[in-house]
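# A closer look at the structure
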Amino acid sequence: MKFREVSNELLWKTSLDPSAIRNNFQMGEENLRLYQISSAWLLRPLAFSIACHLMCIYSITTSAEDGLHSFNDTDNSNISKLLDGLLEGYDNRLRPDFGGSPTLVYIDIEVRSMGPISEVEMSYSMDCYFRQSWIDRRLAFTGSMATLALSISMLERIWRPDTYFYNGEYSYLHTITSPNKFMRLHQNGKVLYSSRLTIKADCPMNLENFPMDMQRCPLRIGSFAYSTTNVMYQWNPVRKVVIHPDMKMSQFDLIHTPSGNTTDRLRHVGVFSVLVASFHLQRHMGYFLIEVYAPCTMLVVLSWVSFWINREATADRVALGVTTVLTMTFLGLESRNDLPRVSYCTALDYYVAISFFFVFATITEFAVVHYYTKVGSGEYITKVKSEDDESFSDEWKPEEEPTNDSPERFSSLKTFQMDSSYAQHTVRRSLGRNNSQNGRIIRSVSLRKRFTVQQRVSTHLNSVSKLDKISRWVFPLSFLIINLIYWYTYLGPDGSS
């Protein structure tokens, strides 16, 4: 708004005088020319200064790159000359200090994972980093670098120990995506050789306490050709056997890994230095509790149901007993599928045998009950006198009930009914069909006889044997006591655990 008011005032003043307008334009052109000249003189030093700075930066950068390239080229050429100088006259067929003291080889292992552990093959597998280190003074050097990380092709040009696993069955080096090994060379000639291996080794197992056992799986390391006069093996004092903290196994817990040095006379050619690492493995019992122990216990308890079934239900009790016996047989055979064919019994075999014994004893108990308590079925053997009418009507009656100790006590109700029908048929034939009086006698005799038999049968049918009553307590208590002894033997302080 202020600029507009000033402009209007100038226009109003100059609109009346043409010479004033001309003078104003001339003054404006001179001012513009002076401004351009002053601006040029002011910007020229600034542009010159910027250009100088850019040229300095460019020259410094170029010189630094040239110096770096020259330094790298010089350093690479020096290392190449160093390695060539180390390998000049080097004989990889001879061990370090050949003809002198034995070469010390230090070993350490880092176990990444373990498994599978097979009881059938008695072996175990593990994935580990296997590190070896020794001093070869022929490779000592001096320089600015304390350690040289070299290509694995360098390993083929220097001496290295012929380490192998005495109890190894099958081992291999990981080669994906390239051979998993490296080499480090120190100034004092110390060589570090590391590789990633999968080792399958032999593990002698004692399965007497299976599945509550603890196995000790060894790993024996030594030289294949060099005796103790040439090569000695020792565990790395800083780290011997290291277990990765994330390592887990499905059926075992690794509870201890002792290691030590030993010597052994092998192949009758000398004494060899051997390193031994032992992996102590404690087995998990959860799988076997679910798959074997619980089903066996349930089958034994199921077989006791027959003690509460009436002794007259022969088919029911026999079917239950046979079913439990066959199921126990199947469980016993199935439990040994994952085990080797050892000549001794394991703890699991003993439990299956105990369960099988109780199931079989249940069937045997019913056989004894059925043999000695047949009177419970209500069978009786009767004889009918049919000599004449009077003797039948006055003297006919069932024989006295046999005593409990008599063999005649054991019969069935069906047999008695057949004897009763036979007696009625005999009476009818002897007395004649047209005699109404004889018919009344027969009916009265039949009714009297039927009433007497029903009364006697009602006192014995669905009766419970004393042996069944005793078995209801003896069998569970015996099974409980044997279980306490069994678990205390294998899990107590004197057991393997």
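Glancing now at the overall build of the protein. When helices and strands are counted, the protein shows 9 helices and 13 strands. Burial statistics for the protein: of 497 residues in total, 34% are counted as buried. In the protein, 78% of the contacts between residues at least 6 apart in sequence involve partners at least 24 apart. Total accessible area on the protein stands at roughly 31,000 Å², and carbon and sulfur atoms take up 59% of it.

Direction vectors running N to C along helix α4 (residues 314–334) and helix α5 (residues 347–372) enclose 165°, while the axes themselves pass 10 Å from each other. Considering the angle they form, α4 stands roughly antiparallel to α5. For the crossing formed where α4 meets α5, the hand is left-handed. Each of T314, R317, V318, G321, V322, T324, V325, M328, T329 and G332 in α4 lies in contact with α5, whose residues at this interface are V352, S355, F356, V359, F360, I363, E365, F366 and H370.

Attention now goes to the state of the cysteines. Under the criterion given, the structure shown has 1 disulfide. The disulfide bridge from C203 ends at C217, spanning 2.1 Å between sulfur atoms. On the sign convention where negative is left-handed, the bridge of C203 and C217, at about -75° about the S-S bond, is left-handed. Of this pair, C203 sits in the loop between β7 (190–202) and β8 (214–223) while C217 is found in strand β8, placing the two residues 14 residues apart along the sequence. Assigned by exposure class, C203 and C217 land together as buried.

Ring pairs (aromatic) are described by centroid distance and by the angle formed between their planes. Under the counting rule described, the total for this entry stands at 21 aromatic pairs. Taking 5.1 Å as the distance between ring centres and 75° as the angle between the ring planes, the aromatic pair formed by Y164 and F224 counts as edge-to-face. Taken together, the residues Y164 in strand β4 (residues 163–165) and F224 in the loop between β8 and β9 (231–235) connect sequence positions 60 residues apart. Ring plane angle 45° and centroid distance 5.0 Å describe the contact between Y293 and W487, whose orientation is recorded as tilted. Remark: W487 occurs in helix α9 (residues 466–491) and Y293 occurs in helix α3 (residues 286–303); sequence separation between them is 194 residues.

Now for a nonpolar patch on the surface. Together, V368, Y371, Y372 and L467 give the surface a local cluster of nonpolar side chains, amounting to about 420 Å² of exposed area. The leading source of residues in the nonpolar patch is α5, at 3 residues. Overall, V368 belongs to the partly exposed group, its relative accessible area being 35%.

Contact pair α3 / α5: the axes reach a minimum separation of 8 Å and the direction vectors enclose 15°. In terms of their interaxial angle, α3 and α5 are classed as roughly parallel. Once α3 is placed against α5, the crossing between them reads as left-handed. Listed contacts from α5 to F288, V292, Y293, C296, T297, L299, V300 and S303 of α3 are A347, L348, Y351, V352, S355, F358, V359 and T362. For the contact of α3 with α5, the per-class residue count stands at 12 nonpolar, 4 polar and no charged.

Any two side chains of opposite charge can pair, on the condition that their charged atoms come close. Under the criterion given, the structure shown has 15 salt bridges. The partner of K200 in a salt bridge is E121, with the nearest N and O atoms 3.1 Å apart. One end of the pair, K200, is in strand β7; the other, E121, is in the loop between β1 (103–118) and β2 (123–135), and 79 residues separate them in sequence. In this structure, the salt-bridge partner of R336 is D349, at a minimum N-O distance of 2.2 Å. Here R336 is found in the loop between α4 and α5, whereas its partner D349 is found in helix α5, with 13 residues between them in sequence.

Each value, and the rule that gives it
- Residues numbered from 1 in each chain as written.
- Predicted model: local features only at pLDDT ≥ 70, side-chain atom pairs only at ≥ 80, totals over all residues.
- Heavy atoms only, no water.
- Helix = DSSP H or I, 4+ residues; strand = E, 2+ residues; numbered from the N terminus.
- Buried < 20%, exposed > 50% of the residue type's maximum accessible area, 1.4 Å probe, protein only.
- Contact = heavy atoms within 4.5 Å.
- Areas by Shrake-Rupley, 256 points an atom, 1.4 Å probe, with all protein chains shown as cover.
- Axes fitted to C-alpha atoms, helices over the stretch in contact; angles between N-to-C directions.
- Parallel < 35°, antiparallel > 145°, perpendicular 65-115°, else oblique.
- Left-handed = near helix turned anticlockwise from the far one by under 90°.
- Disulfide = S-S within 2.5 Å.
- Phe/Tyr/Trp six-rings, centres within 6.5 Å; stacked < 30°, edge-to-face > 60°.
- Patch = residues over 30% accessible without salt bridge, like charges linked within 9 Å, V, L, I, M, F, W, Y side chains within 5 Å.
- Salt bridge = Lys/Arg side-chain N within 4 Å of Asp/Glu carboxyl O.
- Nonpolar A, V, L, I, M, F, W, Y, C, P; charged D, E, K, R; others polar.

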